[in-house]
Amino acid sequence: MTSTSAAAAAHATVHGYPRQGQGRELKKAIEGYWKGGVTADALRRTATALRRTNWLQLADAGIHEVPTGDFSYYDHVLDTSVMVGAIPARHRAAVAADALDGYFAMARGTQEVAPLEMTKWFDTNYHYLVPELGPDTVFTADSTEQVTQLKEALALGLDARPVLVGPVTYLLLAKPAPDVAAGFQPLTLLERLLPVYAEVLADLRAAGAAWVQLDEPALVQDRTPAELNAAARAYRELGALTDRPQLLVASYFDRLGEALPVLAKAPVEGLALDFTRSAAANLDDLAAVGGLPGKRLVAGVVNGRNVWIDDLEKSLATLGTLLGLAERVDVAASCSLLHVPLDATAERDIDPQIVRWFSFARQKAREVATLAKGLAHGTDSIAAELAANRADLASRTHSAITRDPAVRARAAAVTAADTHRFHPYAERAAAQRAHLGLPPLPTTTIGSFPQTGELRTVRADLRAGRIGTAAYEERIEAEIREVISFQEKTGIDVLVHGEPERNDMVQYFAEQLTGYLATRHGWVQSYGTRYVRPPILAGDISRSEPMTVRWTRYAQSLTRRPVKGMLTGPVTMLAWSFVRDDQPLADTARQVALALRDEVEDLEAAGTSVIQVDEPALRETLPLRAADHAAYLAWATEAFRLATSGVRPETQIHTHMCYAEFGDILAAIDDLDADVISLEAARSHMQVAAELATAGYPREVGPGVYDIHSPRVPGAGEAAELLRTALTAIPADRLWVNPDCGLKTRGWPEVRASLENLVAAAGEVRKEVEHRAS
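Residues numbered from 1 in each chain as written. Predicted model: local features only at pLDDT ≥ 70, side-chain atom pairs only at ≥ 80, totals over all residues. Heavy atoms only, no water.

**Quick look at the sheet that holds strand E16 (residues 564–568)**
And then number 1: The five strands are arranged E16-E17-E18-E19-E20 in an open sheet whose pairing can be described as parallel. Edge positions in the sheet fall to E16 and strand E20 (700–703), since each of these pairs with one other strand and no more. Taking each pair of neighbouring strands and ignoring which way they run, the sheet shows an average axis angle of 20 degrees.
And then number 2: Note: strand E19 (residues 676–679) against E20, four bridges, orientation parallel. Of the residues in E20, the one forming a bridge with Val-676 is Glu-700. (Pairing = 2+ DSSP bridges. Helix = DSSP H or I, 4+ residues; strand = E, 2+ residues; numbered from the N terminus. Axes fitted to C-alpha atoms, helices over the stretch in contact; angles between N-to-C directions.)

If you want it as structure tokens, here you go:
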């Protein structure tokens, strides 16, 4: 490869970096602060130290320009709301009294006030806090945190680029505040918001910023002409400012499509584009609009969302093609590295050769730097890296781990009959009512109960060999007895065993399925201080023995009430894992579904009459472009039905979804053919119940009346009001009463109080329903 002027200037950069620290120090400090054991100053010192470590790691990897402003105590969209002064009225007193406590009140709520709604960040498993806006919203600039982080990085002698959520994406992600008419469009506030961004940009320039990145991932979705015009207007006005840094507008997760010519013509100095996965079409689209003459292109060629090593030669070929399309081409990951674990070298329990297939955040930073060096100085300058990369790619391709002929033959033999229940829903519903004998508005929970420190210690002791299997099982049985006893005393109708043996709803199953690899340190932020360790799907999937039957059968032996079998669905098993990238997702989903089908049938054979197969990720995995929806939903719903269609009509199949926008997949929810679906509804004030009713959804529904992602305990009256709202959309004979999600992250005192209130609310409203019927 021959250097050109554009190539010679190539720099390495990233859009963001994991926040938690190698030992999840941020999580521990924040939760310590919430409990009163860590002071605000100590928390801030921890955050400052983590930022410094991150930037120095990036610089050591060869990153020329580090991001600032991507670090957050809870969520970067919430940080943006603080930056622009969009504080909901109910939180203003708390923010005024103490900015940090008020910040956390917006994120988590208090006993007195509800938190902001939370939902998924595009098609990832990261959750953001939804801004609440209205026609009376007054924006005010507060760039304190952004300026502070920039100055910290500059003081280390680093080139630094602040990263902000762009104004158009911020408004497109927002919702009308609870007291605002539903038809209100937050994007109408753009003219009011832009002067605030102008003030922040001026503050950052004064603090030493040469460039500022404005993230506009919402523009990779289908956008109306009015929305595209708003984007053009926003960057025309921001570009015309005289007191500002150079502007880099960034998009990721998909191709920009019709938004690309809008941004290419905007008076900004650079664009950052994703060139991985479906976003690879950005290359042809960029050529079609004539490139970016006179501008900087930050090329996201390293996948920032998966853990496999990059094909360096393939990325170099893409970069070489891009050289003629911009004045300057820099190299980056496709998106923030927030979505991958921190460091693959920490995984010492996995075969070292297999670890060489992995690229976590620290490794991706080095890949980006290697590509930038090769682009600037030619392939000879990175010959050793390219040779090692070729060897590692070949090692993965030819490994026996990746292919199992028996699994592939079984998947190929699936027929249409395997993916449908034999009896129609009306017949099943009648059989299930007769078999289960449940009252109107039956109560249940989603599955998990609090994971105490004692439970985590017992699991750790088993792994470390400090206790034997018998002692471990005795402790798990004791926990199940307590959970069953509490539910019976409280009056819950359909019980769960509480899942004390499970570390995570995906990892637990992944550890028992062939083809999956589990990490020990691969933590990724899901929301706030909630971190998960997504397993790595490396090969063909099969189940060697039952995974849940032992504990479900034991729980059922303790009660005459039905106990739900609890499984994680095939789409969620993919979405919350790092999936293999060497075959279509539909093929992998079918393999997982067949393994789960075996488990469902074993549960039924063991006497389980209610089986819940959770699919909280069905909506989040929906492609960002409408043109891609049908193909995805076809294989996703087929995989769920394949897992659940082998049971008798009297066996009731439940599923669960949470914290996503469901309005555009209602037909797919119907297509799952589950007998009962439970969904998040408390923070969104039963919006989903009305949506299901409007769509004519014919099956039973449990819209959540208890928001488990907040520590506040909802009163019985509050839950009863939500139930009454749900009854305006869903008839009582099809309505269940349950929390929004599992109770794993909550403490026992709040769970006891909340579920007692939930059952009391169900009883109160049940009497009202029966009185009206009589």
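Let's pick the thread back up.
**Topic: the pairing of strand E17 (residues 610–614)**
And then number 1: Taking burial as the measure, the five residues of E17 include five buried ones, the bulk of the element.
And then number 2: Both faces of E17 are covered, namely the face carrying Val-610, Gln-612 and Asp-614 and the face carrying Ile-611 and Val-613.
And then number 3: Relative to E17, E16 is paired through five bridges, and the arrangement is parallel. Bridge assignment links Lys-564 to a residue of E17, and that residue is Val-610.
And then number 4: Sheet analysis places E17 next to strand E18 (residues 652–657), joined by three bridges and oriented parallel. Opposite Val-610, over in E18, you have Gln-652 as the bridge partner.
And then number 5: As a crossover connection, the stretch from E17 through helix H25 (residues 629–644) into E18 is right-handed. (Buried < 20%, exposed > 50% of the residue type's maximum accessible area, 1.4 Å probe, protein only. Right-handed = clockwise from strand over helix to strand, strands pointing away.)

**A few points about the side chain of His-497**
And then number 1: Examined against the element boundaries, His-497 turns out to sit in the loop between helix H20 (469–490) and helix H21 (507–510).
And then number 2: A polar side-chain atom of His-497 sits 3.5 Å from the main-chain amide nitrogen of Glu-499.
And then number 3: Only 3.1 Å separates the side chain of His-497 from the side chain of Glu-501, close enough to count as a polar contact.
And then number 4: When neighbours within four sequence positions are excluded, His-497 is seen to be in contact with Ile-480, Val-483, Ile-484, Arg-502, Trp-551, Ala-555 and Val-563. (Polar contact = N/O pair within 3.5 Å; in protein donor to acceptor, adjacent residues only side chain to side chain. Contact = heavy atoms within 4.5 Å.)

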